[in-house]
Amino acid sequence: MARTPLYKAAEAEMIRRIETGTWEVGLRLPNEFVLAEEFRVSQGTMRRALMTLEGMGLLHRKPGRGTIVTRPEAAPAQPKAAQPAAPPPAQGRLMAGGAPFVPEVHRAKSGLRGADPEEAALFGTRRLVYLQRLLKRAGDRAALEEVVVPERAAPALDEDGAVDLAELLEDHGLGPATITDEIGAAVTTMAESVALACDRHAPLLVVTRTARDAGGRAVARQVLRVLGDTASYA
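Remember, it's a predicted structure, so these values are computed and weren't measured experimentally. (Residues numbered from 1 in each chain as written. Predicted model: local features only at pLDDT ≥ 70, side-chain atom pairs only at ≥ 80, totals over all residues. Heavy atoms only, no water.)

Our next topic: the overall build of the chain. Scanning the chain for helices and strands turns up six helices and 12 strands. Across the 234 residues that make up the chain, the buried fraction comes to 41%. Split by element, the accessible area of the chain, about 12,800 Å² in all, is 53% carbon and sulfur. (Helix = DSSP H or I, 4+ residues; strand = E, 2+ residues; numbered from the N terminus. Buried < 20%, exposed > 50% of the residue type's maximum accessible area, 1.4 Å probe, protein only. Areas by Shrake-Rupley, 256 points an atom, 1.4 Å probe, with all protein chains shown as cover.)

Here we take up the sheet that holds strand β4 (residues 94–96). With antiparallel pairing, the three strands of this open sheet are ordered in space as β5-β4-β12. What marks the edges here is a single partner per strand, and that holds for β5 (99–100) and β12 (232–233). Sheet topology places β4 next to β12; two bridges connect them, and they run antiparallel. The residue bridging Met95 from the neighbouring strand is Ser232, located in β12. (Pairing = 2+ DSSP bridges.)

A complete count under the given rule lists one aromatic pair for this structure. Note on Trp23 and Phe39: the rings are 6.5 Å apart at their centroids and 70° apart in plane angle, and the pair reads as edge-to-face. One end of the pair, Trp23, is in the loop between α1 (6–20) and β1 (28–29); the other, Phe39, is in helix α2 (residues 32–39), with 16 residues separating them in the sequence. Assessed through its relative accessible area of 15%, Phe39 is described here as buried. (Phe/Tyr/Trp six-rings, centres within 6.5 Å; stacked < 30°, edge-to-face > 60°.)

Right, let's talk about the nonpolar core for a bit. One broad rule of soluble globular proteins: the nonpolar side chains tend to lie buried together. Residues Met14, Trp23, Phe39, Met46 and Leu53 are the most contacted members of the largest nonpolar core, which totals 18 residues. Of all the secondary structure elements, the ones that give two or more residues to this core are α1, α2 and α3 (43–55). Each residue touching Trp23, except ones within four places of it in the same chain, is listed here: Met14, Arg17, Ile18, Leu29, Leu35, Phe39 and Val69. Core analysis: the second largest hydrophobic core is formed by 15 residues, Leu168, Leu169, Ile179 and Ala220 among them. (Core = buried A, V, L, I, M, F, W, Y, C linked by side-chain atoms within 4.5 Å. Contact = heavy atoms within 4.5 Å.)

As a packed pair, α1 and α3 sit with axes 9 Å apart at the nearest point and diverge in direction by 50°. Judged by the inter-axis angle, α1 sits oblique to α3. For the pair α1 and α3, the crossing hand works out as right-handed. Here Leu6, Tyr7, Ala10, Glu11, Met14, Ile15 and Ile18 of α1 come into contact with α3, specifically with Thr45, Met46, Arg48, Ala49, Leu50, Thr52 and Leu53. Of the residues in the contact of α1 with α3, the class split is 10 nonpolar, two polar and two charged. (Axes fitted to C-alpha atoms, helices over the stretch in contact; angles between N-to-C directions. Parallel < 35°, antiparallel > 145°, perpendicular 65-115°, else oblique. Left-handed = near helix turned anticlockwise from the far one by under 90°. Nonpolar A, V, L, I, M, F, W, Y, C, P; charged D, E, K, R; others polar.)

This part covers the side chain of Glu32. In this fold, Glu32 is placed in helix α2. Setting aside residues up to four positions removed in sequence, Glu32 forms contacts with Gln43, Met46, Arg47, Leu50 and Arg61.

Right, let's talk about the confidence of the model for the chain for a bit. Mean pLDDT over the chain: 84, with 87% of residues reaching 70 or higher. Looking over the chain, one finds the lowest element-wise mean pLDDT in strand β2 (residues 59–62), namely 78, and the highest in strand β8 (residues 140–150), namely 96. Confidence drops under a pLDDT of 50 for residues 74–90, and excluding neighbours within four residues, the segment shows 19 contacts in the predicted structure. (pLDDT = per-residue confidence, 0-100.)

What follows is about α2. For α2, every residue scored as buried is listed here: Glu32, Leu35, Ala36 and Phe39. With its buried residues spanning 100° around the axis, α2 presents them on a single face. For α2, the capping residue at the N-terminal end is Asn31, with a side-chain oxygen 3.2 Å from the backbone nitrogen of Phe33. Phi turns positive one or two residues past the end of α2, at Arg40, with a value near 60°. (Arc of directions from axis to C-beta. Polar contact = N/O pair within 3.5 Å; in protein donor to acceptor, adjacent residues only side chain to side chain.)

Of all 11 residues that make up strand β7 (residues 127–137), eight are buried, and the element is covered over most of its length. By the bridge criterion, 10 bridges tie strand β6 (residues 104–114) to β7 in an arrangement that is antiparallel. Residue Leu112 lies in a different strand from β7, and its bridge partner there is Val129. Pairing of β7 with β8 involves 10 bridges; the strand directions are antiparallel. Paired with Tyr130 across the bridge in β8 is Val148. Taking the residues that link successive antiparallel strands as the turn, the β7-β8 hairpin has two residues, and the phi of Ala138 there is positive, at about 55°.

This is the structure we're talking about:
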């Protein structure tokens with residue numbers, strides 16, 4: 001069963017509190033940092049949930065006054081004619097043996113690093129949060145992954161989060177409007193050969209996925225370096 005995105009869970013709980021009167025009309029809510037701590041989500045996730053409730057008319061956010069609970073009757077408790085958000089446009093898929101390539105995380109590390117010139121131009125920042133993982137499929141080492149997001153977008157990325165980029169970003173409150181793929185090829189370096197337990201100069205399928213928001217701004221990039229005899233792109 002698919003996990004409920006964190007921002008959706010936060011929205012549902014805040015709506016419940018307003019509907020039941022736990023949060024009374026006129027109540028000034030704590031700041032985003034305090035709310036994020038209470039709901040155990042990132043500030044980015046909490047900001048997205050607050051913006052949704054503001055759009056529903058359940059909250060009013062004003063500089064200098066903070067976030068105020070407004071009258072529920074000013075807007076429906078749920079978005080009118082609520083429909084699930086449109087998924088990113090269809091893209092190709094990694095396949096393995098005629099089935100979708102679904103790896104699992106074997107090892108991971110994350111942190112903060114400087115952007116290279118191409119990344120700095122893409123994201124408009126020189127500080128990126130990164131997530132690097134070694135992926136396995138059917139018990140064998142199959143791919144190397146790196147995901148980067150601007151530091152301002154998320155303080156950290158979950159090392160055990162989904163490998164699917166859209167799902168990973170949704171869980172961090174960064175749901176993309178579009179995801180585009182670029183396909184390339186390479187051969188393993190010495191370090192990659194050791195990590196993947198393969199021969200030196202083994203062929204790699206390189207999939208570079210760039211996620212953008214509704215305004216066209218890049219919010220994340222994922223680079224998958226998959227052993228060529230493990231998967232194909234269709």
